[in-house]
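One-letter residues, chain by chain:
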Amino acid sequence: MLQRLASPRTGGLLALAAAIVLLPFLLSNSYFYDIAILVGLNAIVCVGLNLLIGYAGQISLGHAGFFGLGAYGSAILASRYGWPPLAAMLTTTLAVAALAFLVGRPILRLKGHYLAMATLGLGIIIFMVITTEDKFTGGPDGLSVVPFSIGEYTLRGERLWYWIVGALLLFAVWLALNLIESPAGRALRALHSSEVGAEVVGIDAARQKVMVFVISAVFASVAGSLAAHYSGFVTPGKVAFFHSIELVTMVVFGGMASTFGAVVGAAVLTTLPQLLTVFKDYEMMVFGAVMMGTMIFLPRGVVPSLGRLLELRRQGAASRSDPRT
Amino acid sequence: MKTTQAKTSIKRSLAVLAASCALFTGQAVAQEPIKVGAFLSVTGGAAFLGDPENKTLELYVEKVNAAGGVLGRKLQLVSYDSAGDAEKARTFVKRLIEQDKVDLIVGGSTTGETMAVVPLVEAAQIPFISLAGAVVIIEPVKKWVFKTPHTDRMACEKVFVDMQARKLSKIALISGAGGFDKSMRAECLKVAAKHKIEVIADETYGAGDTDMTAQLTKIKNTAGVQAVLNPGFGQGPAIVTKNYRQIGIAFPLYQSHGVASKEFINLSGAAAEGVRLPAAALLIAESLPASDPQRSVVVNYKKDYEARFKSDVSTFGGHAYDGLMLAIEAVKKAGGTDKAKVRDALEGVRGYMGTAGVVNMSATDHMGLDLTAFRMLEGKGGNWTEVK
């Protein structure tokens, strides 16, 4: 029983649920709720992206593109054509999944720098289409989005959104943890260590890679749709290359191949700019210093490095108290 | 050993944190200042807008405070860098409203950032003066939203009025892919008919293009074109101007207020000779005649800014100046910071002379500028001169 609690699939999930439930006691006004919601949305994208980067070992520098497609798909269908937001979101998600599936196969044949470049290109193409097709997207000035509604009921207010995003994040993490522990997840990890080795033992590498690519794109697209409805406005900034880099940074910062690391990375990097406004003109410098410091002292990312540190300490204490060693 | 070190360092940082908290609350309690919130693109792609705006706000908040403040209260500027990101702008505005509890907001360097926060300020019922250009901000009128810069539609109209005076009615447009270009092109197409202008060619170029000869050749070969208008921003218009002369197009070339700066003449050199564009009076501050009612405002702002920051003044900083001054005037007239009263006072501003022109707000016009706010300039001998 205790062992089950200590495993990430139950213990970690419970801890995350507790954090989500208890957090509102610290959130004194809607500005703090807003930050918490942004953390949640970014975390959903990062949990998906982490499956691709951390577990399957494939890089994507175009994930803001999928996020943006989700946001703009929902925005255009719901606001311009008056679709019910839920239907708009589901249609958009399916379309993004189909797109990821179509481009995934050729793109994921590439490795290393070439894969990075291909995904980068994909992201930039999506960005360019969104900025130039201003008849649909509003171009560089952006587009207003109607609030999310189900039937007659409209979702408004930060508190309500907080619980929705919190529940979805929990669901996303649960999904990711289960996937990792499934045969497909083990296949992915095998792929990460050696693609040739994985193929030798009978893993269909191409299929696994495309699958995880599609899953991570779907996570990003859903988060994008929700973000669009929540903030009521979309601009191409969220689709831009820099946002892709931000997402990858969150994953690496929190710790690759750690689902909770992705959540921590998203939380830290979303709140940090808000905390650092105290430094005024030196904000970006301090931000850079924090990033560098973390990477130097916690090279495997925050969560895995700290986990390892704890582990070493526990081992040290155990060996000292044990007279036989 | 290590743990005690860690503990003391934690204690020390906690002490620093506590001290800084005390410092902040201490400031807030000492006197009840008028809190002016700002969110500007100080860094990022739109820094050319946000940077002078931020500097201007800081400079004048300081100046106003040195002169005794407003209604005997000091101004306090709470400014955040939204880096051209609409999402960040939204979060910072929430912070200004909920956390900093500002009395009014001046900011929003870009149209995207402004439009993203409009629902928030409307819901919170707080006066907001935007520094962005597009017409959508004030049309339809939003109860709590005002703006200081000219719109691109006014620039189009100013150009078209000048064209009419020169008996030019068939024109070609050439524009870029940026937000400014697209918005202005659309506005020009909308108001062209009103001024009996017919757009018979409409070319575009990409963001990074370094040669527009192909598009211009096409325009040159379009029968009937009498003038060309380039609603453009950034490097593009300078290249258009150079190419224009290189392939020897004879009819007049108009540029937009987006490139109204000395920099444009420096970039395009001799090719800028004879190019016309609409611009705010700030660009020709010193050469305005003494009788011009706007002269003292623009000359003083230019002097203050250039003396302090040792860099050329820009119209964007001027928009921030106007925004802050309008806010101060409204607070004075309202006799305090009651949000509804300040809003009503803003709407009631008449005959305020700013760097952008005379402002006459009304319930149906939350910008209050008319076409006289623009001056028609022409490149002559390496400088801009006003066309009379």
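A. Representation of the interface of chain B and chain A in the model. Contacts between chain B and chain A engage 22 residues on the former and 22 residues on the latter. Summing both partners gives a buried area of about 2,100 Å² for chain B against chain A, and 55% of it is carried by carbon and sulfur. Inspection of the chain B/chain A interface yields five salt bridges. The salt bridge involving lysine 94 of chain B is made with glutamate 158 of chain A; its shortest N-O contact spans 2.6 Å. The tally of links between chain B and chain A comes to 12 residue pairs in polar contact (both at pLDDT 80 or more). Listing elements by their share of the side of chain B that touches chain A, those giving two or more residues are β2 (75-81), α3 (86-99), α4 (111-124) and α6 (179-192) of chain B.

B. Structural context of the domain arrangement of chain B. Residues and elements named next belong to chain B. Each assigned domain of chain B is listed here: domain 1 (32-150 + 299-371) and domain 2 (153-279). Between domain 1 and domain 2, the C-alpha centre-to-centre distance is 31 Å. Across the contact, 10 residues belong to domain 1 and eight residues belong to domain 2. Taken together, the two surfaces of domain 1 and domain 2 that pack against each other cover about 780 Å², and 72% of this comes from carbon and sulfur. Considering only the side of domain 1, the residues that lose the most area to domain 2 are Val135, His150 and Leu371, jointly responsible for 61% of the buried surface there. Counting across the domain 1 and domain 2 interface gives one salt bridge.

C. Geometry of the nonpolar core. Judged by nonpolar contacts, the single largest core of 118 residues is most densely connected at Ile105, Phe160, Met163 and Val228 of chain B. Per-element tally for this core: the top contributor is helix α11 (residues 315-334) of chain B, with 10 residues. Each of domain 1 (32-150 + 299-371) and domain 2 (153-279) of chain B gives at least three residues to this core. Grouped together as the second largest cluster of nonpolar side chains are 83 residues, Leu49, Leu155, Phe260 and Ala266 of chain A included.

D. Spatial organisation of the packing of aromatic side chains. Evaluation of the coordinates by the stated rule reveals 18 aromatic pairs over all chains. Ring centres of tyrosine 31 of chain A and phenylalanine 32 of chain A lie 5.1 Å apart, and the angle between their planes is 45°; this geometry places the pair in the tilted category. An aromatic cluster is defined as three or more aromatic residues linked by ring pairs; in this entry it consists of Tyr60, Tyr301, Tyr305, Phe309 and Tyr321 of chain B. Residue placement shows arginine 343 of chain B over the ring face of tryptophan 144 of chain B; its charged tip is 6.0 Å from the ring centre.

E. Representation of the confidence of the model for chain B within the structure. Looking at chain B, pLDDT values average 89 and 92% of them are 70 or higher. Long-range and interchain partners of residues 19-30 of chain B, a stretch whose pLDDT sits below 50, account for one contact in this model, where long-range means more than four residues apart.

Here is what the cut-offs are and how they apply
- Residues numbered from 1 in each chain as written.
- Chains lettered and ligands numbered in written order.
- Predicted model: local features only at pLDDT ≥ 70, side-chain atom pairs only at ≥ 80, totals over all residues.
- Heavy atoms only, no water.
- Contact = heavy atoms within 4.5 Å.
- Buried area = accessible area lost by both parts, 1.4 Å probe.
- Salt bridge = Lys/Arg side-chain N within 4 Å of Asp/Glu carboxyl O.
- Polar contact = N/O pair within 3.5 Å; in protein donor to acceptor, adjacent residues only side chain to side chain.
- Helix = DSSP H or I, 4+ residues; strand = E, 2+ residues; numbered from the N terminus.
- Domains from an automatic or database assignment.
- Core = buried A, V, L, I, M, F, W, Y, C linked by side-chain atoms within 4.5 Å.
- Buried < 20%, exposed > 50% of the residue type's maximum accessible area, 1.4 Å probe, protein only.
- Phe/Tyr/Trp six-rings, centres within 6.5 Å; stacked < 30°, edge-to-face > 60°.
- Lys NZ or Arg CZ within 6 Å of the ring centre and 35° of its normal.
- pLDDT = per-residue confidence, 0-100.

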